[in-house]
Each structure stands twice: as C-alpha cells, then as structure tokens.
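Given next are the chains, with one letter for each unit.
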Amino acid sequence: MKAPRKDRRLAFLVFAVVPLAGCGGGDTQNSLAPESHQAKDIASLFWWMMGGAWLGLGLVVALLVWSWRRRNRRGWGDDVEGEKPGEKRSWYAVVGLGIVMPIVVISALFVISDLFVIKTTQAPASTSTKLTVKVIGHQWWWEIRYPGTHAVTANELHIPVNTPVRVEVGTADVIHSFWVPELNRKIDTIPGRTNLVGLDAEKTGVYRGQCAEFCGVQHAHMSMYVFAETPSAFRRWLAREEKPASSPGGGLAAEGERLFMNGPCSSCHAIRGTDAAGYVGPDLTHVASRTTLGAVTIPNDRENLREWIVNSQHVKPGNQMPNFDLSGRKLDALVAYLEGLK
Ligand code: CUA
C-alpha cells in the first residue's frame, strides 16, 4: 500500500531536517562555520572534496545509465571470433576512468591537504608566538595552564583574539583529542608526548570544543569552551587568574574553607594560596569564575554546585568524584566558600 502523500511529505521533511539540525550558530560546534584562517582552509578543502565526490558520483551514474541504454547491443557476451566491437574503447575507459583518474585526483588531494592545509593549520613556533598554552586531557576534563604564569584553570580556555596561540596538548591518562571545530583541526593527546595545534580566532566570542577520541564512559561530557577576548580583556582575565584564592574573612564561607581543607576535597583538588594541592580533579582556585561544571556538563550556579557535590555520580556517572553525604549547614558552608572563589 502506498503511503498517503502527506505522510510521504512529512518523512521527506524529517530526512531533510535531521541532518541540518547539527548546523547553525549558537552553542554549536560547526566545522563548516569557520572563524579562523585554519578552519577556513579546512572547510574549503572539505567543499572541494565534496564537489569532487559529487562529480565522480555523477560520472558513475551517467556511465551506468549509458550502458543500461545500450544493454541490447551486440557486444562482449556474443559468440564472435576476434576483436569484439567496442572492446578497445572499453579498455581505454577502464584504464582512463578506473586507474588514471583516481591516481590524478587522489594525488591532487594529497598535495593540497598535506603540503598546504596541514601546513597552514599548524601551531606557530614557540619563538614566533606571544602566547603558549598547555592543555592536558584527563578522564573527563581539560586542565589548562599558561606557562610563565601561575594561572591554572579547567575546561575554559581564554585566548586573545587575532593572536596565533600555540597550544601544547598532553594527557594525564589515556588518549583524548582536543578539537574546537570552528577554530582548527583535531589533535590527539598521546601519553608521553606533546602534540601541537594552533588557535587563532578572528572574532571575539565563545567557541565550543569537544574531546574527539573515545576515552571512556564520560567521553561525551568532555567538552570545553574557548573564550576569544580582546587582548586587554584577556590580560585582565589572566592577571586575575594568576592570583591565589582570597581567603574568606569569616562567617559561613570560612567554615566552608575549613571543611574543604580538613575533609576529602583537598586531597583531590588544588586551591592556590591554601594547603589544598590535589591533582585528581580540576584546580578550583577561581572555580566561581567559570561558567560550567563537569566540563560543560551543567551550568555553574548554586543549585548545580550543590547537586554536583552531593550527587555528581548522578550528573556525570563514572567521574572520579564520589558523592558526598552532606546537607544542611555543612553543605551551605562548602557552597558559600566555593562561590567566593572568583
Ligand atoms: Cu577524552 Cu574522549
């Protein structure tokens, strides 16, 4: 039975809309909406390859149709002595379209991608750049360091706009892959190695990045934000980020600080300017100035912070932080202390 016309139209709409849902602005990762010269080169390479692939497909379909229309002509299948009609021409077509053309096309793509795009998307040399950033992958978050400064943060990478930034990526555990689609290609983090990639945002804004190599159960919740800021805003941010945490004078937050230092928190997290120097979870020196928790899993607000402390295994199952059986004044105090770490 034929589907009613309305149903067919609906099915077509779904097929058309679903693939397009991944595109478009906002909080997205779209390698076809490039915002840097590197990402632009990658996008043009993609479109050239896409064009070439469609041409190839068109040619194959045309040949299929052509041969189907000639299916009843006398040819190879007939029992004829000597050279069959069209035999030579067919061999030319096989050699030309089946061997010579692929070699030419694939060699051209190799030259364009390897000699051109790989070069233009490379990280700037450490001698030629004003800013080098170290990014270290952890299961399942990103540690970010600014060499030459005391700044350490997590999951939110700040860079100045229109400045080639050299990003040195490494890992504390398994292979991850650092990828900010609107700014550049992926780069794997390999144990025992430092790999390089460049970031050079042309416009101020927030770019979403994502771990692009399966690295365990919370691979999908291993995202990051890149904040491309004006150079002066970036310098202000870095100066603030470099400072140790300010100690709360008293009250609830001071109670929270004692709880943090004497409880299990300080054995996994570092807060510069205090005795907490753990290295299992993110540095929390300025955690309140970050926009998300759990590597872009949930927004960083009071409710979510409470939820994260008490029940992070529900929010991000498998993460290294255990649930803490805290409530009442103790939880309020801990949250008040962390909220003050701006
Ligand atoms: Cu880290 Cu996937």
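This structure is a prediction, so every number in the text was calculated from the model and none was measured.

A closer look at the pairing of strand β4 (residues 156-160)
Regular strands place side chains that alternate from one sheet face to the opposite one.
Next, step 1: The buried fraction of β4 amounts to 5 of the 5 residues, a majority that puts the element mostly inside the structure.
Next, step 2: Residues Glu156, His158 and Pro160 line one face of β4 and the alternating positions Leu157 and Ile159 line the opposite face, and both faces are buried.
Next, step 3: When β4 meets strand β10 (residues 223-229), the two strands line up parallel, connected through 5 bridges. Along β10, the bridge assignment pairs Glu156 with Tyr225.

Quick notes on the nonpolar core
Next, step 1: Judged by nonpolar contacts, the single largest core of 31 residues is most densely connected at Val135, Tyr146, Leu157 and Phe178.
Next, step 2: At the level of secondary structure, the elements contributing two or more residues to this core comprise β1 (131-138), β2 (141-145), β4, β5 (165-171), β8 (195-199), β9 (205-211), β10 and α4 (231-242).

Quick notes on the packing of helix α5 (residues 251-262) against helix α8 (residues 328-339)
Angle between the axes and distance between the axes: these two values describe a pair of packed helices.
Next, step 1: Where α5 meets α8, the axes come as close as 7 Å, and the angle between the chain directions of the two elements is 95°. Classified by the angle between their axes, α5 and α8 sit roughly perpendicular to one another. Residue-level contacts link Leu252, Ala253, Glu255, Gly256, Glu257, Leu259, Phe260 and Met261 of α5 to Arg329, Lys330, Asp332, Ala333, Leu334, Ala336, Tyr337 and Leu338 of α8.
Next, step 2: Split into classes, the residues belonging to the contact of α5 with α8 amount to 10 nonpolar, 1 polar and 5 charged.

Some thoughts on the side chain of Ser36
Next, step 1: By secondary structure assignment, the location of Ser36 is in the loop between α1 (5-20) and α2 (37-69).
Next, step 2: Within the structure, the side chain of Ser36 is placed 3.1 Å from the backbone nitrogen of Ala39, a separation counted as a polar contact.
Next, step 3: Residues contacting Ser36, with those up to four places away along its chain left out, are Glu182, Leu183, Asn184, Asp200 and Glu202.

Calculation rules
Residues numbered from 1 in each chain as written. Predicted model: local features only at pLDDT ≥ 70, side-chain atom pairs only at ≥ 80, totals over all residues. Heavy atoms only, no water. Buried < 20%, exposed > 50% of the residue type's maximum accessible area, 1.4 Å probe, protein only. Helix = DSSP H or I, 4+ residues; strand = E, 2+ residues; numbered from the N terminus. Pairing = 2+ DSSP bridges. Core = buried A, V, L, I, M, F, W, Y, C linked by side-chain atoms within 4.5 Å. Axes fitted to C-alpha atoms, helices over the stretch in contact; angles between N-to-C directions. Parallel < 35°, antiparallel > 145°, perpendicular 65-115°, else oblique. Contact = heavy atoms within 4.5 Å. Nonpolar A, V, L, I, M, F, W, Y, C, P; charged D, E, K, R; others polar. Polar contact = N/O pair within 3.5 Å; in protein donor to acceptor, adjacent residues only side chain to side chain.

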